[in-house]
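Structural description and commentary
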Amino acid sequence: GAVVSQHPSRVICKSGTSVKIECRSLDFQATTMFWYRQFPKQSLMLMATSNEGSKATYEQGVEKDKFLINHASLTLSTLTVTSAHPEDSSFYICSVASGNYGYTFGSGTRLTVV
Amino acid sequence: GENVEQHPSTLSVQEGDSAVIKCTYSDSASNYFPWYKQELGKGPQLIIDIRSNVGEKKDQRIAVTLNKTAKHFSLHITETQPEDSAVYFCAINNDMRFGAGTRLTVKP
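These numbers were taken from a predicted model, which means no experiment stands behind them.

**Brief notes about the sheet that holds strand S4 (residues 32–38) of chain B**
Residue and element names in this part refer to chain B. Reading across the sheet, the 5 strands line up as S2-S10-S9-S4-S5 and stay open at both edges, with mixed pairing between neighbours. Single-partner strands in this sheet number two, and they are strand S2 (10–14) and strand S5 (45–51). Strand-to-strand twist across the sheet, computed as the mean angle between neighbouring axes with direction ignored, equals 20°. The sheet contact formed by S4 and S5 spans 6 bridges and is antiparallel. Within S5, the residue paired with Trp35 across the bridge is Ile48.

**Quick look at the nonpolar core**
One recurring pattern in soluble globular proteins: nonpolar side chains tend to sit buried together. If you look at the biggest cluster of nonpolar residues, it comprises 24 residues, and the most contacted ones within it are Trp35(A), Tyr58(A), Phe67(A), Ile69(A), Leu79(A), Tyr92(A) and Leu111(A). Broken down by secondary-structure element, the contributors of at least two residues to this core are strand S2 (10–13), strand S3 (19–25), strand S4 (32–38), strand S5 (45–51), strand S7 (67–73), strand S8 (76–81), strand S9 (90–97) and strand S11 (109–113) of chain A. Apart from residues no more than four positions distant in its own chain, Tyr58(A) is found in contact with Met47(A), Ala48(A), Glu63(A), Lys64(A), Phe67(A), Leu68(A) and Ile69(A). Listed in part, the 22 residues of the second largest apolar core include Trp35(B), Ile48(B), Leu75(B) and Ile92(B).

**Digging into the pairing of S9(A)**
Residue and element names in this part refer to chain A. By the criterion of burial, S9 is predominantly enclosed, with 7 of the 8 residues buried. Inspection of the sheet shows S4 paired to S9 by 6 bridges, in the antiparallel sense. Across the sheet, residue Met33 finds its bridge partner in S9, namely Val96. Here S9 runs beside S11; their pairing, made up of 3 bridges, is antiparallel. Within S11, the position partnered with Tyr92 by the bridge is Thr109. Where S9 and strand S10 (residues 103–105) come together, 3 bridges link them in antiparallel fashion. Opposite Ser95, over in S10, you have Phe105 as the bridge partner.

**Regarding the side chain of Thr80(A)**
As for its placement among the helices and strands, Thr80(A) is situated in strand S8. Among residues more than four places away in sequence, those in contact with Thr80(A) are Ser18(A), Val19(A), Lys20(A), Lys66(A), Phe67(A) and Leu68(A).

Reading the values: rules and limits
Starting from 1, residues in each chain are numbered consecutively following that chain's sequence as written. Following the order in which they are written, the chains are lettered starting with A and the ligands numbered starting with 1. In keeping with the predicted nature of the model, local features appear solely for residues at pLDDT of at least 70, side-chain atom pairs appear and are counted solely at 80 or more, and the whole-chain, interface and lining totals rest on all residues. Think of the side-chain values as coming from all heavy atoms in the structure, minus any hydrogens and water. Paired strands, in this sense, are two strands between which DSSP finds at least two bridges. Comment: elements are numbered from the N terminus, with helices defined as DSSP H or I runs of at least four residues and strands as E runs of at least two. Angles run from 0 to 180 degrees between N-to-C directions of axes, and those axes are lines fitted to C-alpha atoms, restricted for helices to the stretch in contact. Joining through side-chain atoms within 4.5 Å is the link that ties buried Ala, Val, Leu, Ile, Met, Phe, Trp, Tyr and Cys residues into a set, and such a set is a nonpolar core. Type-normalised accessible area, obtained with a 1.4 Å probe on protein chains alone, sets the label of each residue: buried when under 20%, exposed when over 50%, and partly exposed for intermediate values. The contact criterion used is simple: two residues touch if any of their non-hydrogen atoms lie within 4.5 Å.

Shown next, in the form of structure tokens:
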């Protein structure tokens with residue numbers, strides 16, 4: 001399957017600042033990547049589908065101006081949490097559809113907003 | 001999207017025993033059923049999957065069974081080991097919506 005690298009693994013930021021999370025597909029050209037959010041002891045919630053060269057598709061209830069997604073190449077998608085607040089603290093995970101092998105996930109980013 | 005229900009939410013077994021986790025779905029057109037394992041602080045990893053043209057698939061101690069008539073599929077882990085302790089999620093198709101997860105604890 002694909003190899004997906006997500007960076008950073010954890011980040012602490014001050015309230016009101018923005019944080020960028022990167023998701024790279026190292027050996028697979030990914031026209032589509034997915035961004036999830038996971039609260040403690042809960043399942044993964046799909047936030048948005050990132051499409052290379054076009055606008056991301058956001059799930060209902062996800063603010064597109066708050067969670068900016070850029071998928072400028074076949075190997076990189078970024079999620080920027082803008083004007084972060086403590087309630088944005090969560091575990092963010094990206095994934096890539098990897099052909100016959102289902103989906104490959106990044107290792108996740110633990111965001112803490114203080 | 002597709003509704004998928006996962007049970008149980010927590011499961012505790014003794015090392016060496018078997019563990020079974022079940023997911024039910026509603027759309028009879030669903031044709032791909034993966035299972036993911038998520039360890040603490042990490043992203044999920046695909047451990048086994050099954051397509052609708054087969055009823056069972058096995059990989060060493062892990063197996064998945066599919067009952068298309070009843071619209072449910074199950075993860076079976078035999079001879080459980082402490083390192084099997086994790087949260088397990090089922091998913092449906094390329095919808096990429098997950099079950100609620102099952103926290104499996106294997107007691108040594």
